[in-house]
Amino acid sequence: MAVSARAQWKGYLRFGEVTAPVALYTATSTSDRIAFHTVNRETGNRVRREFIDSVSGKPVEKEDQVKGYEIGDERYVVLEPEEVASAVPESDKTLRVQAFIPCDDVEKVYFDKPYYLTPDKMGTDAFALLREGMRKKKVAAIAQTVLFRRMRTVLLRPHDKGLIATTLNFDYEVRSAKEAFKEIPDIKIEGEMLDLAKHIIGMKKGTFSAEEFDDRYEAALADLIKAKLEGKSLPKRAPPKVSKANDLLEALRQSAGMKKPPAASKKRAGKESAAKTKTKTAAKSAPAQRRRAS
């Protein structure tokens, strides 16, 4: 996907006493996704959204809409647009590097949104100096600046000829993993099941390539729209079968390529085993019988 031609932010990257003019471009976009409008089923006309007063039921014009913070049941502190704007931190549009850290030092759960950070023509040398220094030392940089009305912390990492700038979630925005996982029971996995799991993981070892993965939802929507246009209906998909605890070992064996023997083979093997046992028993009892006969 092509990078947006318009920079989302322009400013300066500063580390120590070195400053380089830079620009931020969005690295991801949802503009190519299938988009829907809300329409009236009866008329087929597009529905227009309006803001309605919850008590009077009358439409509220845009110039009369203000921000409100709820302090009780239907009671709000009203903030005018200029009052909200006054809370935005002052900025000199400088992305200041606070520290250099190991590349894997930040947990992925704190990653918010990635951007491409590129240099202005006047700052290419200083930009390249920082990029190559970070690459050689195998570090990332933690920097801060005001982005989109908020003071943001940004993780900078070398990428190709530029830098990837990933905005980081604030600590209060990230849920506790302990809280999220507290209902998961402690289960000890060992023996054949663990060995099979490790074997399957080894069989599936590979590398990540974004081109190999499709957005199945987008593809399904496209097929659905095409079918509707052609007056057809899509077949309903059966839900996947969930592995039960008592079937887990057999599912692992099949995943590892250990095929389940046919029922006939099992029956034949059982008969052969019974016959061998009978022969051995007869052989052991024969001497005793001969002794009794003599």
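Bear in mind the structure is a predicted one, so any value in this text is a computation, not a measurement.

A.B. asks: Whenever I open this one, the pairing of strand E9 (residues 162-168) confuses me. Can you help?
C.D. replies: The side chains of a regular strand alternate, first on one face of the sheet and then on the other. Counting buried positions along E9 yields seven of seven residues, so the element is predominantly enclosed. Note that strand E6 (residues 111-119) and E9 share six bridges and pair antiparallel. Note that in E9 the partner of Leu-117 across the bridge is Leu-163. In this structure, the hairpin formed by strand E8 (residues 150-159) and E9 is closed by a connection of two residues, where Asp-160 is found at a positive phi of approximately 55 degrees.

A.B. asks: Explanation requested: the pattern of salt bridges in the structure shown.
C.D. replies: Pairs may arise between side chains of opposite charge once their charged atoms sit close together. Per the counting criterion, the structure on display carries eleven salt bridges. The salt bridge partner of Arg-48 is Glu-50, with a shortest N-O separation of 3.1 Å. Between Glu-179 and Lys-182 there is a salt bridge; the shortest N-O distance is 2.9 Å. Among the residues examined, Glu-179 registers a relative accessible area of 43% and is labelled partly exposed. Judged by relative accessible area, which is 52%, Lys-182 ranks as exposed. Three or more residues joined by partner-sharing salt bridges are found here, namely Arg-131, Glu-132 and Arg-135.

A.B. asks: Explain the side chain of Thr-153 to me, please; I cannot follow it from the model alone.
C.D. replies: For Thr-153, the location among the structural elements is in strand E8. A polar side-chain atom of Thr-153 sits 3.2 Å from a polar atom in the side chain of Gln-144.

A.B. asks: What's the story with unusual backbone geometry in this structure? I'm lost.
C.D. replies: For residues that are not glycine, phi is negative in most cases, and the peptide bond is trans in most cases. Positive phi is not limited to glycine here, since Lys-93 has a value of about 55 degrees. Inspection of the secondary structure assignment puts Lys-93 in the loop between helix H1 (81-86) and strand E5 (94-102). A relative accessible area of 38% means that Lys-93 is categorised as partly exposed. Residues other than glycine seldom take positive phi values, yet Asp-160 does so here, at roughly 55 degrees. One can find Asp-160 in the loop between E8 and E9.

A.B. asks: Explanation requested: helix H5 (residues 216-229) in the structure shown.
C.D. replies: With 14 residues, H5 ought to run about 20 Å at 1.5 Å a step, and its terminal C-alpha atoms sit 20 Å apart, in line with that. Within the sequence span of H5, burial applies to Glu-218, Leu-221 and Ala-227. Directly after H5, the chain includes Gly-231, whose backbone phi takes a positive value near 75 degrees.

A.B. asks: Before we go on, may I ask you to explain the sheet that holds E5 in this structure?
C.D. replies: By way of backbone hydrogen bonds, the strands of a sheet pair with one another, either parallel or antiparallel. The sheet built from seven strands closes into a barrel, its strands ordered E1-E2-E6-E9-E8-E7-E5 with mixed pairing. Averaged over all adjacent pairs, the angle separating strand axes in this sheet is 40 degrees, with direction ignored. Examined bridge by bridge, strand E2 (residues 18-26) and E6 share five bridges and lie antiparallel to one another. In the strand pairing of E6, Leu-24 is matched with Leu-117. Against the sheet, helix H2 (residues 124-137) contacts strand E1 (9-15), E2, E5, E6, strand E7 (139-147), E8 and E9, and its axis sits at roughly 70 degrees relative to E8.

A.B. asks: When you look at the environment of Gly-202 in this model, what are you seeing that I'm missing?
C.D. replies: As for its placement among the helices and strands, Gly-202 is situated in helix H4 (residues 191-203). With a relative accessible area of 48%, Gly-202 lands in the partly exposed category. Taking the C-alpha atoms as reference, Gly-202 lies 10.0 Å from Ala-256; in sequence the two are 54 residues apart.

A.B. asks: When you look at the packing of aromatic side chains in this model, what are you seeing that I'm missing?
C.D. replies: Aromatic rings in a pair are described by how distant their centres are and how their planes are angled relative to each other. Under the criterion given, the structure shown has two aromatic pairs. Ring geometry for Phe-170 and Tyr-172: centres 5.8 Å apart, planes at 10 degrees, overall stacked. Residue class for Phe-170 comes out partly exposed when judged on its relative accessible area of 24%. Using a relative accessible area of 63% as the deciding quantity, one classes Tyr-172 as exposed.

A.B. asks: Is there a simple way to think about the confidence of the model for the protein chain in this case?
C.D. replies: As a note on interpretation, predicted positions should not be read in detail where pLDDT is low. Mean pLDDT for the protein chain: 83, with 85% of residues reaching 70 or above. The secondary structure element of the protein chain with the lowest average pLDDT is helix H7 (residues 263-293), at 50, and the one with the highest is E9, at 97. Note on residues 290-294: pLDDT under 50 across the span, and zero contacts to partners over four residues away in sequence or across chains.

Rules behind the numbers
- Residues numbered from 1 in each chain as written.
- Predicted model: local features only at pLDDT ≥ 70, side-chain atom pairs only at ≥ 80, totals over all residues.
- Heavy atoms only, no water.
- Buried < 20%, exposed > 50% of the residue type's maximum accessible area, 1.4 Å probe, protein only.
- Helix = DSSP H or I, 4+ residues; strand = E, 2+ residues; numbered from the N terminus.
- Pairing = 2+ DSSP bridges.
- Salt bridge = Lys/Arg side-chain N within 4 Å of Asp/Glu carboxyl O.
- Polar contact = N/O pair within 3.5 Å; in protein donor to acceptor, adjacent residues only side chain to side chain.
- Expected span 1.5 Å × (residues − 1).
- Axes fitted to C-alpha atoms, helices over the stretch in contact; angles between N-to-C directions.
- Contact = heavy atoms within 4.5 Å.
- Phe/Tyr/Trp six-rings, centres within 6.5 Å; stacked < 30°, edge-to-face > 60°.
- pLDDT = per-residue confidence, 0-100.

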